Amino acid sequence: MLLSILNKTSKPRVCIVTTSLLVVRFFLLPHIKALSEKYDVTLVANVEDEEFLKGLNLSVKVVHIPIHRNVSPLKDLKALLMLTTYLMREDFNLVYTVAPKAGLIGILSSWMAQVPVRLHVFQGEVWLTRRGIWRWILKSIDRLIF
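Conventions adopted
Residues numbered from 1 in each chain as written. Predicted model: local features only at pLDDT ≥ 70, side-chain atom pairs only at ≥ 80, totals over all residues. Heavy atoms only, no water. Helix = DSSP H or I, 4+ residues; strand = E, 2+ residues; numbered from the N terminus. Buried < 20%, exposed > 50% of the residue type's maximum accessible area, 1.4 Å probe, protein only. Phe/Tyr/Trp six-rings, centres within 6.5 Å; stacked < 30°, edge-to-face > 60°. Lys NZ or Arg CZ within 6 Å of the ring centre and 35° of its normal. Core = buried A, V, L, I, M, F, W, Y, C linked by side-chain atoms within 4.5 Å. Contact = heavy atoms within 4.5 Å. Pairing = 2+ DSSP bridges. Salt bridge = Lys/Arg side-chain N within 4 Å of Asp/Glu carboxyl O. Patch = residues over 30% accessible without salt bridge, like charges linked within 9 Å, V, L, I, M, F, W, Y side chains within 5 Å. Areas by Shrake-Rupley, 256 points an atom, 1.4 Å probe, with all protein chains shown as cover.

Caption draft 1: Region of the structure containing the environment of Gln 114. Tracing the backbone shows Gln 114 in the loop between helix H4 (100-112) and strand E5 (117-121). Along the sequence, Gln 114 and Asp 91 sit 23 residues apart, while their C-alpha atoms lie 8.9 Å from each other.

Okay, structure coming up:
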């Protein structure tokens with residue numbers, strides 16, 4: 001199913017959503033490089049320097065949407081609305097999220113924007129170090145992302 005959806009257009013559009021440049025530098029660069037060879041890739045991150053990938057010779061569009069790692073209901077709602085609007089306008093075939101907060105906001109936004117394929121890489125499970133109600137809440141958020 002994934003391949004049939006991605007093969008509908010001549011160059012499928014993939015949006016990678018994460019929270020920071022550290023995630024990009026340490027985890028995503030090989031993936032971005034491989035994906036950008038076959039797909040039209042856009043990176044959405046909380047990044048003020050939209051030129052940081054230029055030195056790596058990658059043909060990737062970088063879009064700044066302030067998705068912060070810490071919990072902030074108003075900022076999170078703003079990021080959710082901004083990302084949903086962006087995804088609806090750009091008509092992506094796949095949204096690929098990495099990191100807990102990016103996963104929550106990215107998967108909800110892509111669901112609301114009716115992106116046909118949504119993929120999240122679970123890493124940094126913050127609930128592992130929590131106890132009590134916070135552990136339950138954070139695990140429930142991961143279930144929602146799933």
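Caption draft 2: Geometry of unusual backbone geometry. Located in the positive-phi region is Ala 99, a residue other than glycine, with phi close to 95°. Position of Ala 99 among the secondary structure elements: in the loop between strand E4 (94-98) and H4. The class for Ala 99 is buried, based on a relative accessible area of 6%. Positive phi outside glycine occurs at Gln 114, with the angle close to 60°.

Caption draft 3: Highlighting the packing of aromatic side chains. Under the definition given, this model contains 1 aromatic pair. Measuring from centroid to centroid gives 5.9 Å for Tyr 86 and Phe 92, while their planes differ by 45°, and the two rings are tilted. The burial state of Tyr 86 is the same as that of Phe 92; both residues are buried. Seen from the ring of Phe 92, Arg 13 lies directly overhead, with NZ or CZ sitting 4.5 Å from the centre.

Caption draft 4: Examining the nonpolar core more closely. The biggest cluster of nonpolar side chains holds 20 residues, and the ones touching the most others in it are Ile 16, Leu 28, Ile 32 and Phe 52. Elements supplying a minimum of two residues to this core: strand E1 (13-17), helix H2 (21-38), strand E2 (40-45), strand E3 (60-64) and E4. When residues in this core are grouped by element, the largest group, 5 residues, is from H2. Phe 52 has contacts with Leu 21, Val 24, Arg 25, Leu 43, Val 47 and Val 62, leaving out every residue within four places of it along the chain.

Caption draft 5: A look at the pairing of E2. With respect to burial, E2 is a largely interior element, 5 of its 6 residues being buried. In this sheet, E2 lies alongside E1 in parallel orientation, the contact comprising 5 bridges. Paired with Val 17 across the bridge in E2 is Val 44. Two strands pair when backbone bridges link them, and E2 and E3 are joined in this way by 5 bridges, in the parallel orientation. Opposite Val 44, over in E3, you have Val 63 as the bridge partner.

Caption draft 6: View of the pattern of salt bridges. A complete count under the given rule lists 4 salt bridges for this structure. As a salt-bridge pair, Arg 13 and Asp 40 come within 3.1 Å of each other at their nearest N and O atoms. You can see Arg 13 sitting in strand E1 and its partner Asp 40 sitting in strand E2, a full 27 residues away along the chain. Residue Asp 40 is classed as partly exposed on the basis of its relative accessible area, which comes to 30%. With a closest N to O distance of 3.3 Å, Arg 13 and Glu 90 form a salt bridge. Within this pair, whereas Arg 13 is found in strand E1, its partner Glu 90 is found in helix H3 (residues 73-90), the two being separated by 77 residues in sequence. Per residue, the accessibility class of Arg 13 equals that of Glu 90, and both read buried. Overlapping salt bridges bring together Arg 13, Asp 40, Arg 89 and Glu 90 as one network.

Caption draft 7: Layout of a nonpolar patch on the surface. On the surface, a nonpolar cluster with roughly 370 Å² of combined accessible area is contributed by Leu 22, Phe 26 and Phe 27. Within the element layout of this structure, Phe 27 appears in helix H2.

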